[in-house]
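Reading the structure
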Amino acid sequence: MDNTIQKTIDFVKDQLKGAEGGHDWFHIERVYKNAMLIAKEEMCNKEVVALGALLHDIADSKFNNGDESVGPRIATDFLQKQGVSTDTITHVVQIIANISFKGGNFETTFNSIELDIVRDADRLDAIGAIGIARTFNYGGYKNRVIYDPAISPKLAMSKEEYKNSTAPTINHFYEKLLLLKDRMHTSTGKKIAQQRHEYMEQFLEQFYGEWNGER
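The notes below deal with the structure included here. All figures in this text were calculated on a predicted structure; none of them were measured in a lab.

1. Remarks on the overall build of the chain
Each helix and strand counted, the chain has 10 helices and 0 strands in total. For 215 residues, the compact-globule estimate of 2.2 N^0.38 gives 17 Å, and the C-alpha radius of gyration of the chain, at 17 Å, lies within 12% of that figure. Based on the C-alpha atoms only, the size of the chain along its principal axes is roughly 60 × 35 × 30 Å. Looking at the chain as a whole, 47% of its 215 residues qualify as buried. When contacts within the chain are restricted to residue pairs at least 6 apart in sequence, those whose partners lie at least 24 apart make up 66%. Carbon and sulfur atoms provide 48% of the accessible area of the chain, an area that totals close to 11000 Å².

2. Here we look at the nonpolar core
By size, the foremost hydrophobic cluster in this structure holds 49 residues, and its most contacted members are V12, L55, L79, V92, I127, F173 and M200. For this core, the secondary structure elements donating two or more residues are α1 (2-15), α2 (25-39), α3 (46-55), α4 (70-81), α5 (86-98), α6 (113-124) and α10 (187-211). In terms of residue count, the dominant contributor to this core is α3 (7 residues). V12 has contacts with W25, I28, L54, L55 and I58, leaving out every residue within four places of it along the chain.

3. Regarding the side chain of R134
Positionally, R134 belongs in helix α7 (residues 128-141). With near-sequence residues (within four places) excluded, R134 lies in contact with G22, H23, H27, R30, D125 and A126.

4. Examining α4
Spanning 12 residues, α4 covers 17 Å between terminal C-alpha atoms, matching the ideal 16 Å at 1.5 Å per step. Here α4 has its buried residues at V70, G71, P72, A75, F78 and L79. Against α1, α3 and α5 lie the buried residues of α4. Of the residues trailing α4, G83 is marked for its positive phi of about 75 degrees.

5. Things to note about the side chain of E114
Here E114 shows up in helix α6. Look at E114: it is buried, it has no salt bridge, and the nearest opposite charge is K46 at 8.8 Å.

6. A short note on the pattern of salt bridges
Applying the stated criterion across every chain, the model contains 7 salt bridges. D116 is paired through a salt bridge with R119; the nearest N and O atoms lie 3.3 Å apart. Of this pair, D116 and R119 both sit in helix α6, 3 residues apart, roughly one helical turn. Residue classification places D116 among the buried positions, given a relative accessible area of 16%. Using a relative accessible area of 5% as the deciding quantity, one classes R119 as buried.

Conventions adopted
Residues numbered from 1 in each chain as written. Predicted model: local features only at pLDDT ≥ 70, side-chain atom pairs only at ≥ 80, totals over all residues. Heavy atoms only, no water. Helix = DSSP H or I, 4+ residues; strand = E, 2+ residues; numbered from the N terminus. Rg over C-alpha atoms; globule rule 2.2 N^0.38 Å. Buried < 20%, exposed > 50% of the residue type's maximum accessible area, 1.4 Å probe, protein only. Contact = heavy atoms within 4.5 Å. Areas by Shrake-Rupley, 256 points an atom, 1.4 Å probe, with all protein chains shown as cover. Core = buried A, V, L, I, M, F, W, Y, C linked by side-chain atoms within 4.5 Å. Expected span 1.5 Å × (residues − 1). Lys, Arg positive; Asp, Glu negative; His and termini not counted. Salt bridge = Lys/Arg side-chain N within 4 Å of Asp/Glu carboxyl O.

Structure, rendered in structure tokens:
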């Protein structure tokens, strides 16, 4: 297992050279660490968790013209070359296919504790201090305005609406980030998410105070 994990780490690092700052190797590394931390408290297949975390964003559809088949295809090809079992590959690919938020209305057709762990780990990296940094980094990458009081957040978007949104960056807090605390599945994930959620609420309070000239 250890040799396969190291080869996967090397592969992902190479694949994500030059990636957008919120979806680069360091994002993967943080999700991997979060996942292995959560896995310590759960009865699970730690190899599937590790591989799922390392490969979950190997080809994010946001950077592949919305094509959600690229990531699973690359992961499958890589894992087959490493001699990983068919069952493990199938499980990892299901994690990749079902991990994305997609507006919060995406109904998964696959469930496992390993998916819960990796999904919680990925969502933890979307909130708190790092989540705030990633959100504004991506907003800048897409040349979006920081905030426009005239444009209200749009909740309960469809998958396509969420994918094609060009809303101000602050809106993303309400359309995704502040929703994640209540969508965690593991006890460890829920505990960490609570603290990070509170940090984001404090940030928004400070943000609006500064925006309105009150602080």
